[in-house]
Structure formats: C-alpha cells, structure tokens
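# Observations on the three-dimensional arrangement
Letter by letter, the chains look like this.
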Amino acid sequence: MKRICIYLTYDKKNIIDKYIGYMLSELRVCTDELIVVCNETDIKRGKDLVEEHADAIFYRENIGFDAGGFKDALCSFVGWDKILEFDELVLVNDSL
C-alpha cells in the first residue's frame, strides 16, 4: 500500500519543537512520501527537524488555519494528480 502524509504545523513564534521532529521521524517509517506545510512564512528555530524527514516543505501565511493549509497542500502545493498516485492520504497536524 502506497501512503502519502501531509503534516501541518504552526507556531506563533515560528519555532519547530523537538516533538515535531520525533513525530515526523515516526511518520517517515509508515509513509512513502511526507509533505510538511508550515503555517508560517519563516522558521526561526528547528527547521533542521523538518528538513531531516520531509520530502517537501511548503510555507504559507496562517490564513484559514489548518483546514486552509490542507486545502492549499491538496489543491496547490502537491496537487490532486500526485495525491491520486497513492492508495492512502493521511492528514496530520502538530496538535494531534
């Protein structure tokens, strides 16, 4: 089974905490492609935690909250043609 995961994160201080790196490392084990959407335009600390595990990272303003981030990922960043190459789509955010 081929699985793609879109992981969404937001921090008002633009920091990626260590628990996110841990979560991404665990998602990496059970997914074929791991996409990270940052609901901030810049990461001040912890960017390496994302870069270590993600196949692609997208940045956007925090407009529309998590639902807006997932919509942008599906419709603009990744696209439905790519999504349809997979058997499963997993949507996860950092507050899960």
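Everything discussed here concerns the structure shown above.
The rules behind each value
- Residues numbered from 1 in each chain as written.
- Predicted model: local features only at pLDDT ≥ 70, side-chain atom pairs only at ≥ 80, totals over all residues.
- Heavy atoms only, no water.
- Helix = DSSP H or I, 4+ residues; strand = E, 2+ residues; numbered from the N terminus.
- Buried < 20%, exposed > 50% of the residue type's maximum accessible area, 1.4 Å probe, protein only.
- Contact = heavy atoms within 4.5 Å.
- Patch = residues over 30% accessible without salt bridge, like charges linked within 9 Å, V, L, I, M, F, W, Y side chains within 5 Å.
- Areas by Shrake-Rupley, 256 points an atom, 1.4 Å probe, with all protein chains shown as cover.
- Salt bridge = Lys/Arg side-chain N within 4 Å of Asp/Glu carboxyl O.
- Pairing = 2+ DSSP bridges.
- Axes fitted to C-alpha atoms, helices over the stretch in contact; angles between N-to-C directions.

## Some details on unusual backbone geometry
- In this structure, asparagine 14 is a non-glycine residue whose phi angle is positive, near 60°.
- Along the chain, asparagine 14 falls in the loop between β1 (3–9) and α1 (18–30).
- Given the relative accessible area of 15%, asparagine 14 is considered buried.

## Let's talk about the environment of phenylalanine 86
- Among the secondary structure elements, phenylalanine 86 is positioned in the loop between α4 (80–83) and β4 (88–93).
- Phenylalanine 86 has contacts with Lys2, Arg3, Ile4, Asp32 and Glu33, leaving out every residue within four places of it along the chain.

## Overview of a nonpolar patch on the surface
- Where nonpolar side chains cluster on the molecular surface, the patch consists of Trp80, Leu84, Leu89 and Leu91 and spans about 400 Å² of accessible area.
- Structurally, leucine 84 is set in the loop between α4 and β4.

## Observations regarding the sheet that holds β1
- What the four strands build is an open sheet, ordered β3-β2-β1-β4; its pairing is parallel. Both edges of this open sheet fall to β3 (56–59) and β4, since each of them pairs with a single strand only. For this sheet, the mean angle separating the axes of adjacent strands, direction not counted, is 20°.
- Sheet analysis places strand β2 (residues 33–38) next to β3, joined by four bridges and oriented parallel. Following the sheet pairing, valine 36 is matched in β3 by isoleucine 57.
- Docked against the sheet, α1 engages β1, β2 and β4, running at close to 170° with respect to β1.
- Where helix α3 (residues 65–77) meets the sheet, it contacts β1, β2, β3 and β4, and its direction lies at approximately 135° from that of β1.

## Quick look at the pattern of salt bridges
- On inspection of all chains with the given rule, the structure shows five salt bridges.
- Notably, a salt bridge pairs glutamate 88 with arginine 3, separated by 2.7 Å at the nearest N-O pair. Here glutamate 88 is found in strand β4, whereas its partner arginine 3 is found in strand β1, with 85 residues between them in sequence.
- Judged by relative accessible area, which is 23%, arginine 3 ranks as partly exposed.
- Of the charged contacts in the structure, one is a salt bridge between arginine 60 and aspartate 72, with a shortest N-O distance of 2.8 Å.

These values are about where atoms sit, not about what they do.
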